[in-house]
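Chain and residue survey
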Amino acid sequence: MKCENCTKKECSKKQPGGEYQSSSSNSVGKTEENAELSEFHKLVSERVFLSDCLACDRCITEQERHRISQQNLKEFSRVLGLNKKCDTSKHKVLVVSLCPQSLPFFAAKFNLGIPDSTRKLCGFLKSQGVHHVFDATLAADFSLLESQREFVQRYRRRNQDQQALPMFTSACPGWIRYAERVLGSLVTPHICTSKSPQQIMGSLVKDYFTKQQKLSPDKVYHVVVAPCFDKKLEALREEFYNSLLESQDVDCVVTSGEIMLMMEEQKVSIESLDSIPLDHVFGETEEVDIVRHEGRGAEGFLEHIFKYAAKELFGLDVEEIVYKTLKNRDFQEVTLEKDGETLLQFAAVYGFRNIQNMIQKLKKGKFPYQLVEVLSCPGGCLNGKGQAQLESGKPDRALLQQMEEVYTSLPMRLPETSPQVHRLYQDWLEGADSPRARQVLHTQYRPENQAASSPDYKW
């Protein structure tokens, strides 16, 4: 089995697809009626894509091989089953966090708006035995705010610190894995240290929420529903594991497509599902408003950081961001100018081929950008392989268009205006710029393959 653009007669890579095959085939690979392989199972078991190789880089370690085998519906179902048995010592409080980019998938599949489809999804999860269902947009608020503050700090020290700029966003685990394992130390210091929304949600659930509920973190089983498979690997990072309590911030990641398959296996009728509102991390009873951030099916890191930096650094209010397309729609740039002078130049780089083009610019010393929003999936997170792929491996463009339409129909909200965020900064993190906030909301990215670093990079 080779990746889609491989020209080698023999491929030395250990293919991650085999892991997904073995882990998912027991739970979602076959239907009860005819034992035929489902579309998503065929996707993850039969073909490895260039972005998959981007994520794994040559191999998956044996330890990762074992642990990723637990990132599937079989493990999720096992924990659900334990809660139905008499031995209460093995019972867990089940929490599911929904990534914002997964919500449009269910809206399109259910043929409903996002608020209505999310209530139906919540109803399904609770019918399975899940106790709490959260919207991870709250965690994305924190990631955006921390990222934009970090960029301004880096910009202000750029003349004293050669590694301050450019800054690369850190929300995409496929990009992070590639940077750490292939690009090495000349790139990793430039990666924003803010945790991804998924891992901030992990901290929020296993730290703040467990304390509110007077629970030990190891008594909570936290599942994230995400649009891509790379999120499974991200959840396994060492820094997101508490060895003292033997507790992972995110215990299991399942893709949107896997949840849909779970519903199909059970022959769930959408109409028959109860409509149940999402839960509050504060335990409050009023319904959660579902909102979105600016951006093309992602969290909008470029847009938010650009507007924040323009105001903080130059006192300029940017109402509308105009993108200039370079090689294609997935390689675009944005420029802030005043009196003919370029003040800021950012880029959005999506997809592995464009990432490679960006790296070539680095090598040639032709890199004018202070910030790059990097995503390994072409088209952004809505196009994650866990929800928007056909059996052939190509994007399901009709589904993607539906998802984009329902996503953009949501009202936008700036993270700065969220009362929940302000409350958590004070109650949980001891203030926005506190050492506690730094400890909980940030991490470090380090090269795993120093030999990959090359002296011909020029910033």
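A quick note: this is a predicted structure, and the numbers were derived from the prediction, not measured.

Let's shift gears to the sheet that holds strand S1 (residues 93–98). Strand order across the open sheet formed by 4 strands is S2-S1-S4-S7, with parallel pairing between neighbours. The open sheet terminates on both sides in strands that have one partner only, identified here as strand S2 (132–135) and strand S7 (252–255). The mean inter-strand angle of the sheet, taken between neighbouring strand axes irrespective of direction, is 25 degrees. Strand direction decides the pairing type here: S1 and strand S4 (residues 220–226), joined by 6 bridges, are parallel. Opposite Val96, over in S4, you have Val223 as the bridge partner.

Relative to the elements of secondary structure, Lys232 occurs in helix H11 (residues 230–235). In this structure the side chain of Lys232 is engaged in a polar contact, spanning 2.9 Å, whose partner is the backbone oxygen of Val253. Reaching out from Lys232, the side chain makes a polar contact with the side chain of Glu258 at a distance of 3.0 Å.

Quick look at the pairing of S2 now. Side-chain alternation along S2 places His132 and Phe134 on one buried face and Val133 and Asp135 on a second face that is also buried. Sheet topology places S1 next to S2; 4 bridges connect them, and they run parallel. Each bridged residue has a counterpart across the sheet, and for Val95 the counterpart in S2 is His132.

Further remarks concern the pairing of strand S11 (residues 371–375). Counting buried positions over the 5 residues of S11 gives 5, a clear majority of the element. Here S11 shows two buried faces, one formed by Leu371, Glu373 and Leu375 and the other by Val372 and Val374. Of the pairings in the sheet, the one linking strand S3 (residues 167–168) to S11 comprises 2 bridges and is parallel in character. For Met167, the partnering residue across the bridge sits in S11 and is Leu371. As defined by bridge partners, strand S10 (residues 341–350) adjoins S11 across 5 bridges and the pair is classed as parallel.

Once that is clear, we can look at the environment of Ala388. With respect to the helices, strands and loops of the structure, Ala388 is situated in the loop between S11 and helix H15 (397–408). The contact partners of Ala388, leaving out residues within four places of it in the chain, are Leu382, Asn383, Lys394, Pro395, Asp396, Leu399 and Met403.

Okay, the packing of helix H6 (residues 103–110) against helix H7 (residues 114–127) next. Direction vectors running N to C along H6 and H7 enclose 90 degrees, while the axes themselves pass 8 Å from each other. Comparing their axes, H7 and H6 come out roughly perpendicular. Residues Leu103, Pro104, Phe106, Ala107 and Phe110 of H6 form the contact with H7, whose own contacting residues are Ile114, Ser117, Thr118, Lys120 and Leu121. For the contact of H6 with H7, the per-class residue count stands at 7 nonpolar, 2 polar and 1 charged.

What follows is about the pattern of salt bridges. Scanning the entire structure with this criterion turns up 20 salt bridges. The partner of Lys231 in a salt bridge is Glu234, and the shortest N-O contact between them spans 3.5 Å. With a gap of 3 residues between them, Lys231 and Glu234 both fall in helix H11, about one helical turn apart. Judged by relative accessible area, Lys231 falls into the buried class, the value being 10%. What makes Glu234 buried here is its relative accessible area of 7%.

Let's shift gears to the packing of H6 against H15. Relative placement of two packed helices is described by the angle separating their axes and the distance separating the axes. Closest axis-to-axis distance for the H6/H15 pair is 8 Å, and the angle between their directions is 110 degrees. In this view, H6 runs roughly perpendicular relative to H15, as classed from their interaxial angle. H6 and H15 meet at a crossing whose hand is right-handed. On the side of H6, the interface is formed by Pro104, Phe105, Ala107, Ala108 and Lys109, while H15 contributes Leu399, Gln402, Met403, Val406 and Tyr407. A per-class count over the contact of H6 with H15 returns 8 nonpolar, 1 polar and 1 charged.

How each quantity is defined
Residues numbered from 1 in each chain as written. Predicted model: local features only at pLDDT ≥ 70, side-chain atom pairs only at ≥ 80, totals over all residues. Heavy atoms only, no water. Pairing = 2+ DSSP bridges. Helix = DSSP H or I, 4+ residues; strand = E, 2+ residues; numbered from the N terminus. Axes fitted to C-alpha atoms, helices over the stretch in contact; angles between N-to-C directions. Polar contact = N/O pair within 3.5 Å; in protein donor to acceptor, adjacent residues only side chain to side chain. Buried < 20%, exposed > 50% of the residue type's maximum accessible area, 1.4 Å probe, protein only. Contact = heavy atoms within 4.5 Å. Parallel < 35°, antiparallel > 145°, perpendicular 65-115°, else oblique. Nonpolar A, V, L, I, M, F, W, Y, C, P; charged D, E, K, R; others polar. Salt bridge = Lys/Arg side-chain N within 4 Å of Asp/Glu carboxyl O. Left-handed = near helix turned anticlockwise from the far one by under 90°.

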